[in-house]
Amino acid sequence: MVRFLVNGETVTVPEERKLIDVLRTDLGLKSVKDGCSEGACGTCTVLIDGKAVKACVQKAARMEGKSVMTVEGLSDREKEVFVYAFGEAGAVQCGFCIPGMVICAKALIDENPDPTREEAAFAVRGNVCRCTGYKKIIDAILLAARLFREDV
Ligand code: FES
Ligand code: FES
């Protein structure tokens with residue numbers, strides 16, 4: 001068995017479980033989407049010790065002692081800012097890709113509070129959106145970064 005944290009709570013799971021199955025099926029964290037099951041689309045992205053990682057290609061065995069965060073584990077302030085920024089920028093159409101985009105945005109902004117447009121685009125390079133064409137998503141990430149900086 002393996003023990004690790006998910007959104008601050010300790011979980012104990014069999015080593016052979018896939019991380020995405022632990023999160024979605026065992027814990028009911030439905031923000032973690034299964035778009036491809038093979039590491040190609042980014043919809044399953046979560047933070048592992050602060051880094052954006054695709055949960056569908058991670059075995060629980062590698063999680064011992066680590067801290068996993070999904071969108072459900074964001075602070076109220078972070079949720080408020082990302083919901084506002086993605087809505088204001090018109091970045092959400094079907095919404096399927098958005099949790100993975102938000103996780104990548106958080107990983108970026110936590111390290112680099114004032115990213116350039118190029119840095120924001122690079123942060124979501126592994127995330128497929130079939131709806132928006134990415135411009136509005138990048139607008140949303142830059143708006144979120146500004147709101148966090150200005151604390152409004
Ligand atoms: S479901 Fe994990 S990358 Fe597509
Ligand atoms: S908003 Fe539909 S896949 Fe991105």
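Residues numbered from 1 in each chain as written. Chains lettered and ligands numbered in written order. Predicted model: local features only at pLDDT ≥ 70, side-chain atom pairs only at ≥ 80, totals over all residues. Heavy atoms only, no water.

1. Side note on the nonpolar core
Counted only if it meets this: Side-chain atoms within 4.5 Å link the members of a nonpolar core, which is a set of buried Ala, Val, Leu, Ile, Met, Phe, Trp, Tyr and Cys residues. Relative accessibility under 20% of the residue-type maximum defines a buried residue, over 50% an exposed one, and the middle range a partly exposed one, all with a 1.4 Å probe and only protein chains included. Each helix corresponds to a stretch of at least 4 residues labelled H or I by DSSP, and each strand to a stretch of at least 2 residues labelled E; elements are numbered beginning at the N terminus. Whether two residues are in contact is decided by their heavy atoms, any of which lying within 4.5 Å being enough.
With 31 residues, the main nonpolar core has Phe 82, Phe 86, Met 101, Val 102, Ile 137 and Ile 141 as its most contacted residues. The dominant element in this core, judged by the number of residues it contributes, is helix 3 (residues 98-111), at 9 residues. Discounting chain neighbours no more than four positions away, the residues touching Phe 86 are Ala 91, Val 92, Ile 98, Met 101, Val 102, Ile 137, Ala 140 and Ile 141. Val 6, Val 13, Ile 20 and Ala 60 belong to the second-largest nonpolar core, a separate cluster that totals 20 residues.

2. Description of the pattern of salt bridges
For clarity, the threshold we go by: Each reported salt bridge corresponds to a side-chain nitrogen of Lys or Arg within 4 Å of a carboxyl oxygen of Asp or Glu.
Considering all chains together, one arrives at 10 salt bridges under this definition. Where Glu 111 meets Lys 51, a salt bridge forms, and the shortest distance between an N and an O atom there is 3.3 Å. Of the two residues, Glu 111 sits in helix 3 while Lys 51 sits in strand 4 (residues 51-54), which places them 60 residues apart along the sequence. Here Lys 106 ties to Glu 78 by a salt bridge, and the two come within 2.8 Å at their closest N and O atoms. With Lys 106 in helix 3 and Glu 78 in helix 2 (residues 76-88), this residue pair connects regions lying 28 residues apart in the sequence.

3. Topic: unusual backbone geometry
Unlike most non-glycine residues, Asn 7 shows phi in positive territory, near 50°. Topologically, Asn 7 is positioned in the loop between strand 1 (2-6) and strand 2 (9-13). Given a relative accessible area of 25%, Asn 7 falls into the partly exposed group. A positive phi angle, close to 80°, is found at Tyr 134, a residue other than glycine. Assignment of secondary structure puts Tyr 134 in the loop between helix 4 (117-123) and helix 5 (135-150).

4. Comments concerning empty space enclosed by the protein
Defined as follows: Note on definitions: the grid is 1 Å and covers protein atoms alone; a cavity is a set of points where a 1.4 Å probe fits but cannot get out; a pocket is an open set with protein on both sides within 12 Å along at least five of seven lines; lining residues have an atom within 4 Å of a point. Grid points are joined across faces, edges and corners, and a volume is the space filled by probe spheres set on the points. Throughout, the ten residues Ala, Val, Leu, Ile, Met, Phe, Trp, Tyr, Cys and Pro are labelled nonpolar, Asp, Glu, Lys and Arg are labelled charged, and all others, Gly among them, are labelled polar. Marked domain ranges trace back to an automatic or database domain assignment.
According to the stated counting rule, one finds 1 cavity of 30 Å³ or more in the structure shown. Taken as a whole, the largest cavity encloses approximately 40 Å³ of empty space. In terms of lining residues, the largest cavity is bounded by Ser 31, Val 32, Thr 43, Thr 45, Val 46, Thr 70, Val 71, Pro 99, Gly 100 and Ile 103. Put simply, the parts of the chain that give the lining of the largest cavity at least two residues each are strand 3 (45-48) and helix 3. For the lining of the largest cavity, the element with the most residues is helix 3, which contributes 3 residues. Tallied by class, the residues present in the lining of the largest cavity amount to 5 nonpolar, 5 polar and no charged. Each of domain 1 (2-72) and domain 2 (74-150) contributes no fewer than three residues to the lining of the largest cavity.

5. Considering the domain arrangement of the protein chain
Interface size is often expressed as the accessible area that is lost when the parts come together. How we decide: Put simply, buried area is the surface a 1.4 Å probe can reach on two separate parts but cannot reach once they are joined, added for both. Under the rule applied, a polar contact is a pair of N or O atoms within 3.5 Å (in protein, one hydrogen donor and one hydrogen acceptor; residues adjacent in sequence only if both atoms are side-chain atoms).
Under the domain assignment used here, the protein chain contains domain 1 (2-72) and domain 2 (74-150). Counting residues at the interface gives 19 residues for domain 1, matched by 15 residues for domain 2. For the pair domain 1 and domain 2, the two sides together bury roughly 1,300 Å², of which 67% comes from carbon and sulfur. The interface formed by domain 1 and domain 2 includes 1 salt bridge. Our enumeration of links across domain 1 and domain 2 arrives at 5 residue pairs in polar contact (both at pLDDT 80 or more).

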